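# Commentary on secondary and tertiary structure
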Amino acid sequence: MNILVIGGGGREHALVWAIRKSPKAGKVYCAPGNAGIAQLAECVALNVKDPSAVLGFLKEKEISLTVIGPEGPLVDGLADALRAAGQKVFGVGKKAAELEGSKAVAKDFMRRHNLPTADYRVFSFAEDALGFVHSNEYSPAFRVVKASGLAAGKGVVVAKSVDEVIVALQDAMIKRVFGAAGEKVVLEETLEGEELSVIALCDGKTLLPLLPTQDHKRVSDGDEGPNTGGMGAYGPVPQLTDALWKRIEAEVCEPFLKGLQADGIDYRGVIYFGLMLTRQGPKLLEFNVRFGDPETQVILPMIDEDWVDLFEAVADGRLESRELRRRPGAGVVVVMAAHGYPAEPRKGDVIEGLEAVASLPGVTVFHAGTSLKDGRVVTAGGRVLGVTAVGSDLVDARRKAYDALGRIRFDGAHFRQDIGARGLRLAKV
Ligand code: AMP
Ligand code: GLY
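## With respect to the sheet that holds strand E2 (residues 28–32)
Pairing within the open sheet is parallel, and its five strands lie in the order E3-E2-E1-E4-E5. Taken across any chain shown, the strands that pair with only one partner, and hence form the sheet edges, are strand E3 (42–43) and strand E5 (89–90). Pairing of E2 with E3, which is carried by two bridges, proceeds in the parallel orientation. Within E3, the position partnered with Tyr29 by the bridge is Glu42. Running over the sheet, helix H1 (residues 10–20) touches strand E1 (2–7), E2 and strand E4 (63–68) and is turned about 165° from E1.

Right, dumping it as structure tokens:
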């Protein structure tokens, strides 16, 4: 069958790569794609904000499955428009996508359906938010300021002091540094613990968790510097014991499914629970309604399944609860970022060494922000490449990934040296 993937980052490269492994895949298209995706699929320019243009393309190319990668088109309701025209779509509709598109909606869902999360307040007016901070009700634990709308992972400030909270509220609500995303702000209690990404397929009735992973959101080693979209990930995560996993199933997964049903939400795609493993137990930081980036670049290579079968089962609402075939060992992805990322990434630097690493065993380089210029691969975004390695264990996977990274070069490239190091430390405890 012919398949269209929407998106053009490292996540979509991994999706196209996994889809191409399925014997069911016919011609694969990707809109817009990137220089790496172009080696596996036909990249096309499509206006995904115009559902009739997408529908016209699906008919012309006889495409029978559309897989939507990023949150933007999901929040815009593209999946609903395609489904209404009889298309098979892997990706949630507009109502479900609000769980990511509005942190205020997400927190309200968590509270109503008893999912564990930090205590919080939602504000639409700066004077109310600042009034709360100066009131008796305020406790200094409320130090996390989140723009409610979509801000590419950058709209969250974990303040160190009340003064910083005030500045963050003013930035979001008065200066509007996150634009319309800061029209509403969530102010919530600070949680402490290890972060964990639990990403699952979900058709509204069944939830099928994939490999648990840990992301690294800060730009520099030792979790220093500003937040990014994610600088690397590894999985499985050693601190996730069976007992803890049972709690996550009982306290997060099951109430989530019940909540969907109670609210009448049609959910056919991915649910990503961003969790903090606190001393009191797992607590939700956020929902995403799509695959994580870069987590997907570890998850797909580590799970040995026909992904087209899985995406179709979700799209048709006939997902079955079962154990997925997982490769033994561990996987890691390290992101190579452009000069100036995350503030002002530079474009146009020539990337060298990609051919040399293509044949390394266990290594796959997923392109994120790349394009072709005069026949050469150049940087075209903040996160440029995701170097994935699978190995017999985390030590082996890291060795392979960092060996490959050492062979790829472009001006201004930077990456974290400590992706997965936490996993190694925790495994020893
Ligand atoms: P979010 O987009 O909500 O996942 O927030 C981005 C990042 O901010 C998370 O991955 C955490 O590292 C941090 N964060 C968010 N909420 C909290 C919280 N309540 N306490 C501590 N850190 C948080
Ligand atoms: N890696 C975090 C995210 O995809 O939101």
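The structure having been displayed, the exposition proceeds.
## Overview of the packing of helix H5 (residues 94–101) against helix H6 (residues 103–112)
Relative placement of two packed helices is described by the angle separating their axes and the distance separating the axes. Packing of H5 against H6 leaves a shortest axis separation of 6 Å and a crossing angle of 100°. It follows from the interaxial angle that H5 and H6 lie roughly perpendicular. Residues Glu98, Leu99 and Gly101 of H5 form the contact with H6, whose participating residues are Lys103, Val105, Ala106 and Phe109.

## Quick word on helix H7 (residues 126–133)
Of all the residues in H7, the buried ones are Ala126, Ala129, Leu130, Phe132 and Val133. Mapping the buried residues of H7 onto a view down its axis gives an arc of 155°, with all of them on the same face. In this structure, the buried residues of H7 make contact with strand E6 (120–123), strand E7 (142–147), helix H8 (162–175) and strand E9 (185–189).

## Things to note about the pattern of salt bridges
Enumeration according to the criterion identifies 34 salt bridges in this entry. Taking the shortest distance from any N to any O, the salt bridge between Glu100 and Arg290 comes out at 3.1 Å. Taken together, the residues span a long stretch of sequence, with Glu100 in helix H5 and Arg290 in the loop between strand E17 (281–288) and helix H10 (296–302) at a distance of 190 residues. Since its relative accessible area comes to 12%, Arg290 is described here as buried. Each of Lys24, Lys88, Asp309, Glu312, Asp316 and Arg318 takes part in salt bridges that share partners, so that together they form one network.

Reading guide: rules and limits
- Residues numbered from 1 in each chain as written.
- Chains lettered and ligands numbered in written order.
- Predicted model: local features only at pLDDT ≥ 70, side-chain atom pairs only at ≥ 80, totals over all residues.
- Heavy atoms only, no water.
- Pairing = 2+ DSSP bridges.
- Helix = DSSP H or I, 4+ residues; strand = E, 2+ residues; numbered from the N terminus.
- Contact = heavy atoms within 4.5 Å.
- Axes fitted to C-alpha atoms, helices over the stretch in contact; angles between N-to-C directions.
- Parallel < 35°, antiparallel > 145°, perpendicular 65-115°, else oblique.
- Buried < 20%, exposed > 50% of the residue type's maximum accessible area, 1.4 Å probe, protein only.
- Arc of directions from axis to C-beta.
- Salt bridge = Lys/Arg side-chain N within 4 Å of Asp/Glu carboxyl O.

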